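# Structural description and commentary
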Amino acid sequence: QVQLVESGGGLVQAGGSLRLSCAASGSIFSINIMAWYRQAPGKQRELVATVTTGGSTNYLESVKGRFTISRDNAKNTVHLQMNSLKPQDTAVYFCKANLRSSLFSRPMDYWGQGTQVTVSS
């Protein structure tokens with residue numbers, strides 16, 4: 001079994017910062033891309049940022065320059081540093097990992113349970 005557990009969400013004023021973390025545990029052979037998504041009330045889930053095993057990153061246009069994704073391959077963790085937060089960043093944030101649980105298994109996506117981020121104006 002594989003588990004992804006997020007932490008670090010909360011309530012912050014506009015202009016503030018939060019750091020989200022996500023730790024993958026269980027039967028893990030290798031992790032490919034790790035990512036953060038978010039879903040605001042009444043909206044579809046959207047991709048916020050991705051990071052490859054080698055550290056290459058991509059970002060949603062609206063968070064470029066404010067958010068930074070990083071990962072620790074040795075600890076199977078991914079982080080999202082969020083600065084200059086805006087009320088429109090309010091959402092539930094989910095981490096996702098594309099990983100293989102064994103040498104002979106195919107890569108699959110695993111999701112965390114989500115963490116609430118609320119930015120007040």
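The following paragraphs examine the structure supplied in this document. (Residues numbered from 1 in each chain as written. Predicted model: local features only at pLDDT ≥ 70, side-chain atom pairs only at ≥ 80, totals over all residues. Heavy atoms only, no water.)

## Concerning the overall build of the protein
In terms of helices and strands, the protein carries zero helices and eleven strands. Listing each helix as α and each strand as β along the protein from the N terminus yields β-β-β-β-β-β-β-β-β-β-β. Expected size for 121 residues packed as a compact globule is a radius of gyration near 14 Å; at 14 Å, the protein falls within 12% of this value. A principal-axis box enclosing the C-alpha atoms of the protein has dimensions of 50 × 25 × 25 Å. Burial status across the protein gives 39% buried among its 121 residues. In the protein, the proportion of contacts linking residues at least 24 apart, taken out of those at least 6 apart, comes to 56%. Counting only carbon and sulfur atoms, one obtains 50% of the accessible surface of the protein, whose full area is about 6,500 Å². Distance between charge centres in the protein, computed from 12 positive and 6 negative side chains, equals 2 Å. (Helix = DSSP H or I, 4+ residues; strand = E, 2+ residues; numbered from the N terminus. Rg over C-alpha atoms; globule rule 2.2 N^0.38 Å. Buried < 20%, exposed > 50% of the residue type's maximum accessible area, 1.4 Å probe, protein only. Contact = heavy atoms within 4.5 Å. Areas by Shrake-Rupley, 256 points an atom, 1.4 Å probe, with all protein chains shown as cover. Lys, Arg positive; Asp, Glu negative; His and termini not counted. Charge placed at Lys NZ, Arg CZ, Asp CG, Glu CD.)

## Here's the deal with the sheet that holds strand 3 (residues 18-26)
Here four strands make up an open sheet; going across it, the order is 1-3-8-7 and the pairing antiparallel. Edge positions in the open sheet fall to strand 1 (2-7) and strand 7 (67-72), since each of these has one partner strand only. Neighbour to neighbour, the strand axes of the sheet diverge by 15° on average, direction disregarded. Where strand 7 lies against strand 8 (residues 77-82), six bridges are found, and the strand directions are antiparallel. Each residue of the ladder has a partner; that of Arg71, found in strand 8, is Val78. (Pairing = 2+ DSSP bridges. Axes fitted to C-alpha atoms, helices over the stretch in contact; angles between N-to-C directions.)

## Quick notes on the packing of aromatic side chains
This structure, assessed with the given rule, holds two aromatic pairs. Put simply, the rings of Tyr37, Phe94 and Trp111 pair up and form one aromatic cluster. When the ring centre of Phe94 is taken as origin, the NZ or CZ atom of Arg45, which lies over that ring, is 3.7 Å away. (Phe/Tyr/Trp six-rings, centres within 6.5 Å; stacked < 30°, edge-to-face > 60°. Lys NZ or Arg CZ within 6 Å of the ring centre and 35° of its normal.)

## Considerations on the nonpolar core
Ranked by size, the top nonpolar core spans 28 residues in total, and within it Trp36, Val48, Phe67, Val78, Leu80, Met82 and Tyr93 carry the most contacts. Sorting the residues of this core by element identifies strand 1, strand 3, strand 4 (30-39), strand 5 (46-51), strand 7, strand 8, strand 9 (91-100) and strand 11 (115-120) as the ones contributing at least two each. For this core, the leading source of residues is strand 9, giving five residues. Those residues in contact with Met82 that lie beyond four places of it in its chain are Gly16, Ser17, Leu18, Leu20, Arg66, Phe67, Tyr93 and Val117. (Core = buried A, V, L, I, M, F, W, Y, C linked by side-chain atoms within 4.5 Å.)

Fair warning: the whole summary comes from geometry, so function is off the table for now.
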